[in-house]
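Structure assessment
One letter stands for each residue in the lines below.
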Amino acid sequence: MTNKGIASLLRKVAAAYILKDENRFKIIAYEKAAEALENSTSEAKDLWREGKLTTIPGIGKTISSHLDELFRTGKVAHFESVFRGLPAAMFPLLEIPGFGAKKAYKMAHLLSLKNPDTAVDDLLKAAQDGKIALFKGFGEKSQSDIIESIQRFKKGQVKENRMPLPFAYVIASEILEYLKLHKDTKEAVTLGSLRRMVATIGDIDIAVSTKNPSSVVDWFLSYPKMGELVEKGPGGATMLLTNGHQVDMRVQSPDKFGAMLQYFTGSKNHNIKLRELALKKGLSLNEYGMKPIRKAKKLYEFANEKDLYNALDLSWVPPELREDRGEVEVAAKRKLPKLLEVKDIKGDLHIHSNYNLEPSHDLGSSSLEVLIRNAEDLKYEYIGISDHNPSFTKHTPNQIISILKARRAKFEQYIYSTKSVRVQIFIMLEVDILPDGKIPIPEEAFEYLDAIIVSIHSSFHMDKEQMTQRIISGLSHKKAKIFAHPTGRLIGSRDSYQVNWEEIFQYCQKNDKALEINAHPTRLDLPDGLVYEALKKNVKLVIDTDSHDVSQMTLMKYGVSVARRGWAEKSDILNTMPYNKLKDWLTG
DNA sequence: GCCGTTTTCGGCCCGACTGTTTTCAGTCG
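Calculation notes
- Residues numbered from 1 in each chain as written.
- Chains lettered and ligands numbered in written order.
- Predicted model: local features only at pLDDT ≥ 70, side-chain atom pairs only at ≥ 80, totals over all residues.
- Heavy atoms only, no water.
- Buried < 20%, exposed > 50% of the residue type's maximum accessible area, 1.4 Å probe, protein only.
- Helix = DSSP H or I, 4+ residues; strand = E, 2+ residues; numbered from the N terminus.
- Pairing = 2+ DSSP bridges.
- Near = heavy atom within 4 Å.
- Polar contact = N/O pair within 3.5 Å; in protein donor to acceptor, adjacent residues only side chain to side chain.
- Contact = heavy atoms within 4.5 Å.
- Expected span 1.5 Å × (residues − 1).
- Axes fitted to C-alpha atoms, helices over the stretch in contact; angles between N-to-C directions.
- Parallel < 35°, antiparallel > 145°, perpendicular 65-115°, else oblique.
- Nonpolar A, V, L, I, M, F, W, Y, C, P; charged D, E, K, R; others polar.
- Domains from an automatic or database assignment.
- Buried area = accessible area lost by both parts, 1.4 Å probe.
- Salt bridge = Lys/Arg side-chain N within 4 Å of Asp/Glu carboxyl O.

**Notes on the pairing of strand 2 (residues 187-190)**
- What you see with strand 2 is a clean split: Ala188 and Thr190 sit on the buried side and Glu187 and Val189 on the side with no burial.
- Pairing of strand 2 with strand 4 (residues 204-209), which is carried by four bridges, proceeds in the antiparallel orientation. The residue bridging Ala188 from the neighbouring strand is Val208, located in strand 4.

See below:
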């Protein structure tokens, strides 16, 4: 059973407890545990095998013993007894937006829904037949809302609507630019997951600081790419863009802007931590500021976030860290990391050129010359040209050797002939790790390579231990220094393959290998949760763009944001090193 | 049921919105 499945089971238990009027903090505990599992980078089953289930925050003695029973026997007697007396058909209804435990129970009970597999459809039919509006506490509006929710829910099951961060970032940047054109806009910034630079974004949320809210709202609503207006009020407005994405803009006066910014940046759990902390100091924190618990009338306002955090005796927490991963506690000690910044990056080691070595995968579209010139513009000290390896099904080993020999000669000839080049070049290769762990490059060919990056491009569905050994085998060559896009995920279209990360981290740390944070928009891989874990184990990382075109070299900032979300400092990232040091590591 | 540089007992975030209500229950972020 995966984390997702277990989380859904725990949510069912929480729902059952709500109906049985259990202690509400017990209910919250189950919901918290479910959420923790959904966000965990480790599979609960693996932790269970190692006896470390309670290392997940929110899972304590009781729940871990229930899960132990679940993994051993496939069911939990206690949970079954909690579910007793409740209609099984209510549980699928919990997935519908707007449905909680009570509404789901009411519907399953009143409509005598029996079959969990058809419960959602049965409910939809009942609503369409006008049966819901007859129930006490429900009316015509509730009935039509239910129909709409179910239809939306069914659509959502087919297509996940979240988009990769870089796409949302570009859309939002344009809107911010536009908003700043208005004379009454004092400040315009992103909010929510976008400000925290989470890898996938749902809606785009934006805040504007202004003394003249209505004129800014009107300006927003005349945005050229507006598709349709969803709603408009004194506090802001919501629109759908012509491309279908939703944008939510809210306005606030400058003297309260800090409190609003903090509140809507989240995350939810970070905010809960702050409010708990505020309470201990006799203060209640909300969207508008803080008030003393005893004098509810008085409100302390905050024009900026720094003052708000300082009022709680915390140092300002960068948005990327606001995930309740311990940042509040560390901020109380004034010991937050000095996070990596884009300007710290001194080179990009994973760039594909258009040199045609008849590769196993796609060729880049830009020439070495163009790439170098761009690297100079970016003020890089070095780049690595890491084309895909020559296809080994189409070439003999000897052909591969001569292809790589010719490539090196060509590159070196260009480099030596161009005195103006200040950027140093590493002649590298991105090499597939085959299913058996071998790398399809004959030993003699390594003479023509400074180093290689290894990665997985086939046979994704392997047993976890086999996959782990495959990766370690691929990394074992002394010139293999970097494991690229380590989880293999493609955001929105392909899940990660199964890997024992503990083992990979240990191997990399012991053998001086680096894991890549791939900044490509649909990858952002390593994901931030694993970056955090890797850094705890002292694994070194590199951030690369995997550019297949010169225009993609600017995507580095997204890789940096992933690293920041994983608490990375400059010293954790190898390509912040100056050329000589980086060269020692890469070719040493 | 979980958790701990003010606690191993006694706490556990806050407000908005919505629909059906004459004062609130349920859900959401």
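**What about the protein's contact with DNA strand B?**
- The environment of DNA strand B is formed by 38 residues, the closest being Gly98, Gly139, Lys141, Ser142 and Arg275.
- Each atom of DNA strand B within 4 Å of the protein was assigned to sugar, phosphate or base; sugar and phosphate come to 76%.
- Within the backbone of Gly60, one N or O atom sits 2.7 Å away from a phosphate oxygen of DNA strand B.
- A distance of 3.3 Å is found between a phosphate oxygen of DNA strand B and a side-chain nitrogen or oxygen belonging to Asn286.
- Counting residues per element, the ones that place at least two in the surface near DNA strand B are helix 2 (24-39), helix 4 (61-73), helix 6 (101-110), helix 8 (140-158), helix 13 (268-280) and strand 8 (283-286).
- In terms of residues, the surface near DNA strand B owes the most to one element, helix 13, which gives five residues.

**Some words on the side chain of His270**
- Among the secondary structure elements, His270 is positioned in helix 13.
- With residues up to four places along the chain from it excluded, the contact list for His270 reads Gln262, Tyr309, Val317, Arg322, Glu323, Asp324, Glu327 and Val328.

**Describing helix 1 (residues 3-19)**
- The first and last C-alpha atoms of helix 1 sit 24 Å apart over 17 residues, in line with the 24 Å expected at 1.5 Å per residue.
- Within helix 1 the residues assigned to the buried category are Asn3, Ile6, Ala7, Leu9, Leu10, Val13, Ala14, Ala15, Ala16 and Tyr17.
- Among the structural elements, helix 2, helix 3 (44-49), helix 4, helix 5 (77-83) and helix 6 are those in contact with the buried residues of helix 1.
- Of the residues trailing helix 1, Asp21 is marked for its positive phi of about 60 degrees.

**Observations regarding the packing of helix 1 against helix 6**
- Between helix 1 and helix 6, the shortest axis-to-axis distance is 9 Å and the interhelical angle comes to 80 degrees. Comparing the axis directions of helix 1 and helix 6 gives the class roughly perpendicular. Across the interface between the two elements, Ala15, Ile18 and Leu19 of helix 1 pack against Ala101, Lys102 and Tyr105 of helix 6.
- Its residues assigned to classes, the contact of helix 1 with helix 6 comprises five nonpolar, no polar and one charged.

**Brief notes about the environment of Tyr223**
- Along the chain, Tyr223 falls in the loop between helix 11 (213-220) and strand 5 (226-233).
- Taking the C-alpha atoms as reference, Tyr223 lies 9.8 Å from Met239; in sequence the two are 16 residues apart.
- Here Tyr223 is in contact with Glu174, Ile175, Tyr178, Met239 and Leu241, once residues within four sequence places are set aside.

**A word on the domain arrangement of chain A**
- Here chain A is described as being made up of domain 1 (3-157), domain 2 (163-252), domain 3 (269-332) and domain 4 (342-587).
- In this structure, domain 3 and domain 4 have C-alpha centres spaced 41 Å apart.
- Summing both sides of the interface, domain 3 and domain 4 together bury roughly 710 Å²; the carbon and sulfur share of this comes to 50%.
- When the buried area of domain 3 at its contact with domain 4 is split by residue, Glu320, Leu321 and Arg325 rank highest and sum to 81% of it.
- The interface formed by domain 3 and domain 4 includes three salt bridges.

**Let's talk about the environment of Ile206**
- If you trace the backbone, Ile206 turns up in strand 4.
- A relative accessible area of 0% means that Ile206 is categorised as buried.
- In this structure, the C-alpha to C-alpha distance between Ile206 and Val247, residues 41 residues apart in sequence, is 7.5 Å.
- Beyond its immediate stretch of four places on either side in the chain, Ile206 contacts Ala172, Ile175, Leu176, Leu179, Val189, Thr190, Leu191, Val247, Asp248, Met249 and Arg250.

**Digging into helix 9 (residues 165-180)**
- Over its 16 residues, helix 9 extends 22 Å from the first C-alpha to the last, a length consistent with the 22 Å expected when each residue adds 1.5 Å.
- When helix 9 is considered as a whole, its buried residues turn out to be Leu165, Pro166, Ala168, Ile171, Ala172, Ile175, Leu176, Tyr178 and Leu179.

**Let's talk about the pairing of strand 11 (residues 382-388)**
- Counting buried positions along strand 11 yields seven of seven residues, so the element is predominantly enclosed.
- A two-sided burial pattern is seen for strand 11, the buried positions comprising Tyr382, Gly384, Ser386 and His388 on one face and Ile383, Ile385 and Asp387 on the other.
- Sheet analysis places strand 10 (residues 347-351) next to strand 11, joined by three bridges and oriented parallel. The partner of Asp348 across the bridge, within strand 11, is Ile383.

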